Amino acid sequence: MGERKYFGTDGIRGRANTHPMTAEVALRVGLAAGKMFRTDDDRRHLVVIGKDTRLSGYMIEPALVAGLASVGMDVRTFGPLPTPGVAMMTRSMRADLGIMISASHNDYADNGIKLFGPDGYKLSDEIELKIEAMMDEGLDQDLAPANKLGRVKRIDDAPPRYIEIAKSAFPKRLSLKGLRIAIDCANGAGYRVAPTTLYELGAEVFPVGVEPNGVNINADCGSTYPATVSEAVKRYRCDIGIALDGDADRVIICDEKGHVVDGDQIMALVGLAWARKGRLNGGGVVATVMSNLGLERKLKAEGLTLERTKVGDRYVMERMRAGGFNIGGEQSGHIILKDYATTGDGLMAALQVLAVLVETGVPMSELARQFEPVPQLLQNVRYTAGKPLEDAKVKAAMAEAEAALNGSGRLLVRPSGTEKLIRVMAEGDDEALVKRVVADVSAAVKAAGQ
């Protein structure tokens with residue numbers, strides 16, 4: 001595979017107004033992606049664009065639109081809409097391409113561009129690399145003639161359509177009546193659709209993080225800062241708390257006592273509930289190498305498997321599609337429910353948790369601990385020089401660590417995709433041993449990368 005110049009593991013991302021997150025790069029993405037998905041038949045071509053609530057969205061969206069219109073693509077802009085909503089609308093409206101402008105759980109100063117194919121799935125590495133190659137062409141190449149330019153409209157019916165699709169994923173015979181739900185929308189893309197969906201399903205809703213101003217997205221709120229939803233649960237005496245991230249493709253839950261429930265526990269809860277109903281496909285769940293060993297053991301005890309992939313929800317989804325699985329996700333709260341969505345969807349995942357809560361009639365705190373997590377420790381080691389992972393001493397330290405954990409735990413050492421960092425993670429039943437192993441390997445990496 002070629003070296004990526006613009007695209008990372010999840011689209012193009014960076015500091016707004018510095019390369020690659022500039023208006024010029026956005027214009028080039030519009031031109032290249034438009035040409036890539038343009039076909040020779042004489043029908044109109046359509047691209048749909050959603051965004052989160054970042055200030056820089058006002059700069060990136062028009063640049064994308066200009067690029068797309070100049071190669072003859074019609075464009076419909078949605079305004080703020082969750083990432084999974086954009087993926088869904090791409091398919092629903094028979095668009096040739098879907099684009100989401102968001103940097104997900106990062107702070108407001110970052111932004112990003114994610115692309116979805118006509119099937120609503122994130123583009124493959126191959127197509128992204130082809131788009132990259134086209135982005136460096138001249139801006140005046142292969143443009144549409146004056147009478148074939150694209151037309152652009154803002155449409156307002158995407159959020160209500162997304163709400164209806166989300167509601168239909170909640171079992172018809174159940175209702176959220178009588179439930180008090182705190183929801184933290186991270187001042188992001190879900191700030192209207194998520195509370196509305198819960199309200200229309202019958203809940204008493206206590207929303208926080210629903211006053212976006214362009215710069216407060218993910219700021220001390222949302223799934224990466226669960227203290228806010230936890231506090232709201234206690235203040236409003238709620239039965240459950242739900243925290244989404246800035247583009248609403250992640251969710252973290254907290255119980256009625258304010259204790260946080262991570263993505264691993266959510267996958268176990270929904271996966272086992274579906275397995276009992278005969279709804280779980282593929283004989284297990286797909287997660288990444290970061291998911292806790294406790295999850296793997298719990299599924300195994302129930303006769304189910306845990307398949308592991310590289311970090312990144314796109315890799316989880318690829319494995320799910322290949323193996324016929326319908327639940328997968330990440331510890332961080334990306335939960336993919338393939339029956340309902342083509343990408344992680346925080347609201348859809350929360351609704352499945354709520355379905356179990358309503359059906360069992362027990363408090364969330366009793367559902368929250370599906371398994372005992374084993375001690376897990378992650379350390380990020382910065383380095384300046386060379387390739388520490390190829391160093392003989394680092395390899396020796398890793399081999400020693402593997403031997404020490406010997407079947408009762410696991411070691412994971414991987415480079416960051418975006419910066420000069422090596423992530424050293426270990427987990428196992430013996431916490432002291434886990435700490436020692438991480439310290440030893442981290443020290444070797446540090447020494448090798450000076």
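Residues numbered from 1 in each chain as written. Predicted model: local features only at pLDDT ≥ 70, side-chain atom pairs only at ≥ 80, totals over all residues. Heavy atoms only, no water.

### Focus: unusual backbone geometry
A negative phi angle is the norm for most residues apart from glycine, just as the trans form is the norm for most peptide bonds. Between His 19 and Pro 20 the backbone carries a cis peptide bond, its omega angle lying at 5°. With respect to the helices and strands, Pro 20 occurs in the loop between strand 2 (11-15) and helix 1 (23-36). Notably, Ala 186 is not glycine yet its phi reads approximately 60°, a positive angle. (Helix = DSSP H or I, 4+ residues; strand = E, 2+ residues; numbered from the N terminus.)

### With respect to helix 13 (residues 392-405)
Helix length check: helix 13 (14 residues) gives 20 Å between terminal C-alpha atoms against 20 Å at 1.5 Å per residue, within 8%. Along helix 13, the positions that sit buried rather than exposed are Val 394, Ala 397, Ala 401 and Leu 405. Buried residues along helix 13 cover an arc of 70° about the axis, so they all sit on one side. Exposed and oriented more than 90 degrees from the buried face of helix 13 are Ala 392, Glu 400 and Ala 403. Those residues of helix 13 that are buried lie in contact with strand 18 (409-415), strand 19 (421-428) and helix 14 (431-448). Looking at where helix 13 begins, the residue whose side-chain oxygen comes 2.9 Å from the main-chain nitrogen of Lys 393 is Asp 391. One or two positions beyond helix 13, positive phi appears at Asn 406, with a value near 20°. (Expected span 1.5 Å × (residues − 1). Buried < 20%, exposed > 50% of the residue type's maximum accessible area, 1.4 Å probe, protein only. Arc of directions from axis to C-beta. Contact = heavy atoms within 4.5 Å. Polar contact = N/O pair within 3.5 Å; in protein donor to acceptor, adjacent residues only side chain to side chain.)

### Looking at empty space enclosed by the protein
Taken as a whole, this structure holds two cavities of 30 Å³ or more when the rule is applied. Lining the largest cavity are Arg 28, Leu 31, Ala 32, Lys 35, Met 134, Met 135, Glu 137, Gly 138 and Leu 139. Sorting the residues of the lining of the largest cavity by element identifies helix 1 and helix 4 (125-135) as the ones contributing at least two each. Residue contributions to the lining of the largest cavity peak at four residues, all from helix 1. Its residues assigned to classes, the lining of the largest cavity shows five nonpolar, one polar and three charged. Empty space within the second largest cavity amounts to approximately 30 Å³. What lines the second largest cavity is simply Asp 10, Gly 11, Lys 114, Leu 115, Lys 122 and Glu 128. Tallied by class, the residues present in the lining of the second largest cavity amount to one nonpolar, one polar and four charged. (1 Å grid on protein atoms, 1.4 Å probe; cavity = no way out; pocket = protein on both sides within 12 Å on 5 of 7 lines; lining within 4 Å. Points joined across faces, edges and corners; volume = space filled by probe spheres on them. Nonpolar A, V, L, I, M, F, W, Y, C, P; charged D, E, K, R; others polar.)

### So, the pattern of salt bridges
Should their charged atoms come close, side chains of opposite charge can pair. Using the criterion set out here, one finds 34 salt bridges in the structure. Across the salt bridge formed by Lys 277 and Glu 359, the nearest N and O atoms sit 3.0 Å from each other. One end of the pair, Lys 277, is in the loop between helix 8 (263-276) and strand 13 (284-288); the other, Glu 359, is in helix 11 (residues 346-360), with 82 residues separating them in the sequence. In the salt-bridge network here, residues are joined through shared partners; they are Asp 10, Arg 13, Lys 114, Lys 122, Asp 247, Asp 249 and Asp 313. (Salt bridge = Lys/Arg side-chain N within 4 Å of Asp/Glu carboxyl O.)

### Side note on the nonpolar core
Counting residues in hydrophobic clusters, the biggest one holds 72 residues, and the most contacted among them are Leu 176, Ile 181, Leu 198, Ile 242, Val 251, Ile 253 and Leu 354. No other element matches helix 11, which puts 10 residues into this core. If near-sequence neighbours (up to four positions away) are discounted, Leu 354 is found in contact with Phe 170, Leu 176, Leu 179, Ile 181, Leu 198, Ile 240 and Ile 242. Listed in part, the 29 residues of the second largest apolar core include Ile 60, Val 65, Val 71 and Met 73. (Core = buried A, V, L, I, M, F, W, Y, C linked by side-chain atoms within 4.5 Å.)

### Considering helix 4
Residues Asp 125, Glu 128, Ile 131, Glu 132 and Met 135 constitute the buried set of helix 4. Looking straight down helix 4, one finds that the buried residues subtend no more than 120° of arc, so they occupy a single side. Facing away from the buried surface of helix 4 by more than 90 degrees, the exposed residues are Glu 126 and Ala 133. In this structure, the buried residues of helix 4 make contact with strand 1 (7-8), strand 2, helix 1, strand 6 (110-116) and helix 10 (313-323).

### As for the environment of Ala 368
With respect to the helices and strands, the residue Ala 368 is situated in helix 12 (residues 364-368). Sequence separation of Ala 368 and Val 261 is 107 residues, and the distance between their C-alpha atoms is 6.0 Å. The contacts of Ala 368, once residues within four sequence positions are left out, are Asp 255, Val 261 and Gln 265.

These figures come from the coordinates and say nothing about function on their own.
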